[in-house]
Amino acid sequence: MGALTELDIARVLHEILRAHNIAYGDTSLPPWGKAPDWQRESSLASVRFHIANPDAPASATHEDWMAQKHADGWVLGDIKDAKAKTHPCLIPFSDLTPVEKAKDYLASATVRALST
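The present account deals with the structure reproduced in this document.

## Regarding the packing of helix α1 (residues 6-23) against helix α2 (residues 37-52)
Moving on, step 1. The interhelical angle for the contact between α1 and α2, taken along N-to-C directions, is 115 degrees, at an axis separation of 8 Å. Between α1 and α2, the angle is such that the two are roughly perpendicular. The hand of the α1/α2 crossing is right-handed. Residue-level contacts link Glu6, Leu7, Ile9, Ala10, Leu13 and His14 of α1 to Gln39, Ser43, Leu44, Ser46, Val47, Arg48 and Ile51 of α2.

Structure, rendered in structure tokens:
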């Protein structure tokens, strides 16, 4: 078996984050094969960020994610709504709940484990 591609790692990361969400009662993230392009691209961007910045802290992961969301026109909102492009996690890392912070730690650990 050869090395995993960035796309392979993004698929695994997406499913790990999906499982994390389900564990906390959030079933809104569809499986990779049914996810819209923007969600798959978000996972792929996270993989690329972590490969380029393997020692980045979780807060940097969140800052990069926020920058991508803002560049795509997303704004802070009470609920995650892809059509309205609103998301409640467009706040500083320090203000996130531990459940939301965990996603940034999971992203880092997943990419590090699968890309080395």
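There is more to say after this.
## Looking at helix α3 (residues 58-71)
Moving on, step 1. Relative to the 20 Å expected for 14 residues at 1.5 Å per residue, α3 spans 20 Å between its end C-alpha atoms, a close match to the ideal helical length.
Moving on, step 2. Where α3 ends, the next residue or the one after it, glycine 73, has phi of about 95 degrees, a positive value.

## Some words on α1
Moving on, step 1. Between its first and last C-alpha, α1 extends 26 Å over 18 residues, near the 26 Å set by a 1.5 Å rise per residue.
Moving on, step 2. Where α1 is concerned, the buried positions are Ile9, Ala10, Leu13, His14, Leu17, His20 and Asn21. Projection of α1 onto a plane perpendicular to its axis shows the buried side chains occupying an angular sector of 140 degrees, all on one side.
Moving on, step 3. Against the buried residues of α1 lie α2 and α4 (98-115).
Moving on, step 4. Just downstream of α1, glycine 25 is the residue with a positive phi angle, here 90 degrees.

## Looking at the side chain of histidine 62
Moving on, step 1. Among the secondary structure elements, histidine 62 is positioned in helix α3.
Moving on, step 2. A distance of 2.7 Å separates a polar atom in the side chain of histidine 62 from the backbone oxygen of isoleucine 91.
Moving on, step 3. Excluding residues that lie within four positions of it along the chain, histidine 62 makes contacts with Cys89, Ile91, Pro92, Phe93, Leu96 and Asp104.

Reading the values: rules and limits
Residues numbered from 1 in each chain as written. Predicted model: local features only at pLDDT ≥ 70, side-chain atom pairs only at ≥ 80, totals over all residues. Heavy atoms only, no water. Axes fitted to C-alpha atoms, helices over the stretch in contact; angles between N-to-C directions. Helix = DSSP H or I, 4+ residues; strand = E, 2+ residues; numbered from the N terminus. Parallel < 35°, antiparallel > 145°, perpendicular 65-115°, else oblique. Left-handed = near helix turned anticlockwise from the far one by under 90°. Contact = heavy atoms within 4.5 Å. Expected span 1.5 Å × (residues − 1). Buried < 20%, exposed > 50% of the residue type's maximum accessible area, 1.4 Å probe, protein only. Arc of directions from axis to C-beta. Polar contact = N/O pair within 3.5 Å; in protein donor to acceptor, adjacent residues only side chain to side chain.

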